[in-house]
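Fold and contact review
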Amino acid sequence: MATKVRETPMLDELTKGPWPSFVREIKKSAEDGKEAANDLLGVLERSYHEKIGHWKHGGIVGVMGYGGGVIGRYNDLPEEFPHVAHFHTLRVNQPSGWFYTSDILRKICDIWDKHGSGITNFHGSTGDMVLLGCRTEALEPVFAELTELGFDLGGSGSDMRTPSCCCGKARCEWACYDTMNACYDITMHFQDELHRPAFPYKYKFKFAGCGNDCVASIARSDCAVIGTWKDDIQIDQAAVAEYAKGGGIDIQKHVVERCPAGCMSFDGSKLEINNDDCMKCMHCINALPKALAPGKERGATILIGAKAPIIGGALLSSVFVPFLEMEPPYEDLKELTEAIWDLWGEHGKNRERVGEFIQRIGLGNFLEQIGLEPTPEMVVHPRTNPYIFFELDEEE
């Protein structure tokens, strides 16, 4: 017999129109007999009426041996909504590049239908598969079956969050390094930091194969690894002439004049680039993909310190290492990471991201403590302080 789905007149407003609706999807689960989904609708409808939330943190919850991977959720109206009295979230470490087979996806959904609410989020902003709504007693069985299937839990709390990456060389000709290999290597190397929270706050890695930054690493990760190149952009002048002849794109207007560095010129048939001024933004390559390509000497730029605006406002990450050869086993990246973690872990405040920590103690002090030499690429904007202070040892 079909389950009677709760009446939710306020939530129903979110199902109107042609766009996707999370309410519509939850109702599908409720209609399929998922009592947790039905109670979830009731809690949410009540919250919309009362303008208050009914979720609380009732203590630490997780699987044996892990401190991360499970986010505890408890309802403060368990008598009224018993099927969401516990509604824990599991983060499942996704494959690099989010490549799945349909068989694996079906097996994951079968596990979740068996033990959880059946509600999922593919994917969270960190990158994980997110399984929404599990009772405490079902956590270990879910974990055991996911492990048997070959999956591990991701990060949550004050730890290294699940690293994520674009599809890189698997499907993109512009990738300047193997993002998927780097993401997997870092995930496996820092397993302890992923599963056992010991940091002042979260730390995110994101791996982007080029300046298009399809994983938005520059805005959302404490460590952004963005593919770049050191030599000249590769130019096929015959293909440039074909673009000009075909008339499908105005090279002067849409390529040259939109170059943020102003480093290009076009005489009607030949494109010239002053590569010394190139910012590697990928605009010209995106516009003329048959004529232009990244240089051959490829690697990545390491940027540090992005975050979303939870406490002190949003931050974009800043350049720390202008060019790094991204070859396995990525020892330079691991060494930099451990130096940052050692300093931040000892002196960072509770819930203080690395970017905020650098702002608080100053970039100069931070670089000195981690043993990294300053470079011009680290400058975000011209100095605003007219005074220059020297250390005593520098004066001597």
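Heads up: the structure comes first, above all this text.
Procedures and definitions
- Residues numbered from 1 in each chain as written.
- Predicted model: local features only at pLDDT ≥ 70, side-chain atom pairs only at ≥ 80, totals over all residues.
- Heavy atoms only, no water.
- Pairing = 2+ DSSP bridges.
- Helix = DSSP H or I, 4+ residues; strand = E, 2+ residues; numbered from the N terminus.
- Contact = heavy atoms within 4.5 Å.
- Axes fitted to C-alpha atoms, helices over the stretch in contact; angles between N-to-C directions.
- Phe/Tyr/Trp six-rings, centres within 6.5 Å; stacked < 30°, edge-to-face > 60°.
- Buried < 20%, exposed > 50% of the residue type's maximum accessible area, 1.4 Å probe, protein only.
- Patch = residues over 30% accessible without salt bridge, like charges linked within 9 Å, V, L, I, M, F, W, Y side chains within 5 Å.
- Areas by Shrake-Rupley, 256 points an atom, 1.4 Å probe, with all protein chains shown as cover.
- Salt bridge = Lys/Arg side-chain N within 4 Å of Asp/Glu carboxyl O.
- Lys, Arg positive; Asp, Glu negative; His and termini not counted.
- Charge placed at Lys NZ, Arg CZ, Asp CG, Glu CD.
- Core = buried A, V, L, I, M, F, W, Y, C linked by side-chain atoms within 4.5 Å.
- Arc of directions from axis to C-beta.
- Polar contact = N/O pair within 3.5 Å; in protein donor to acceptor, adjacent residues only side chain to side chain.

**Some details on the sheet that holds strand β7 (residues 164-165)**
- Strands sit in the order β7-β8-β9-β14-β15 across an open sheet of 5 strands; the sheet is mixed. The sheet is open, and its two borders are formed by β7 and β15 (318-324), each paired with just one other strand.
- Sheet analysis places strand β9 (residues 223-229) next to strand β14 (residues 298-304), joined by 7 bridges and oriented antiparallel. Note on β14: the bridge partner recorded for I226 is T301.
- The sheet strands contacting helix α12 (residues 331-347) are β8 (205-208), β9, β14 and β15, and the helix crosses β8 at an angle near 150°.

**Brief notes about the environment of T375**
- Looking at the element boundaries, T375 is found in the loop between α14 (363-370) and α15 (392-395).
- Between the C-alpha atom of T375 and that of F320, which follows or precedes it by 55 residues, the distance is 8.1 Å.

**Quick word on the packing of aromatic side chains**
- Counting across every chain of the model gives 14 aromatic pairs.
- The interplanar angle of 10° and the centroid separation of 6.5 Å between the aromatic rings of F190 and F205 together place this pair among those described as stacked. One end of the pair, F190, is in the loop between α6 (179-189) and α7 (191-195); the other, F205, is in strand β8, with 15 residues separating them in the sequence.
- Of the residues examined, F190 reaches a relative accessible area of 2% and is grouped as buried.
- Of the residues examined, F205 reaches a relative accessible area of 0% and is grouped as buried.

**A short note on a negative patch on the surface**
- A cluster of acidic residues, E325, E327, E331, D332, E335, E338, D342 and E346, forms a negative patch on the protein surface.
- Within the secondary structure, E325 sits in the loop between β15 and α12.
- E325 sits in the exposed class, given a relative accessible area of 60%.

**Digging into the nonpolar core**
- In terms of nonpolar packing, the biggest core is built from 36 residues, with Y203, F207 and L333 touching the most fellow members.
- Listing elements by their share of this core, those giving two or more residues are α6, β8, β9, β14, β15, α12, α13 (354-361) and α14.
- Per element, the largest residue contribution to this core is 6 residues, and it comes from α12.
- Contact partners of F207, with chain neighbours within four places excluded, come to P163, S164, C165, C166, Y177, T179, A182, C183, I186, V215, V225 and L333.
- Formed by 26 residues, the second largest nonpolar core is a distinct cluster that contains I233, V240, I249 and F266.

**Considerations on helix α9 (residues 237-246)**
- When α9 is considered as a whole, its buried residues turn out to be A239, V240 and Y243. In an axial view of α9, the angular spread of the buried residues amounts to 105°, which keeps them on one side of the axis. Opposite its buried face, α9 presents the exposed residues A238, E242 and K245, each directed more than 90 degrees away.
- Check the buried side of α9 and you find it contacts β10 (234-235), α10 (251-256), β11 (264-266), β12 (271-273) and α11 (283-287).
- Capping the start of α9 is the job of one residue whose side-chain oxygen sits 3.1 Å from the backbone nitrogen of A238: D236.
- Note on α9: the residue one or two positions beyond its end, G247, has a positive phi of about 75°.

**Quick word on unusual backbone geometry**
- With an omega of 10°, the peptide bond between F122 and H123 qualifies as cis.
- Residue position: H123 is located in the loop between β5 (119-122) and β6 (129-134).
- Residues P328 and P329 are joined by a peptide bond in cis, for which omega reads 10°.
- Tracing the sequence through the fold places P329 in the loop between β15 and α12.
- Phi at D213 takes a positive value of approximately 50°, unusual for a residue other than glycine.
- Residue position: D213 is located in the loop between β8 and α8 (217-220).
- Overall, the relative accessible area of 12% leaves D213 in the buried class.
- You will see that Y330, though not glycine, has its phi angle at about 60°, which is positive.
- With respect to the helices and strands, the residue Y330 is situated in the loop between β15 and α12.

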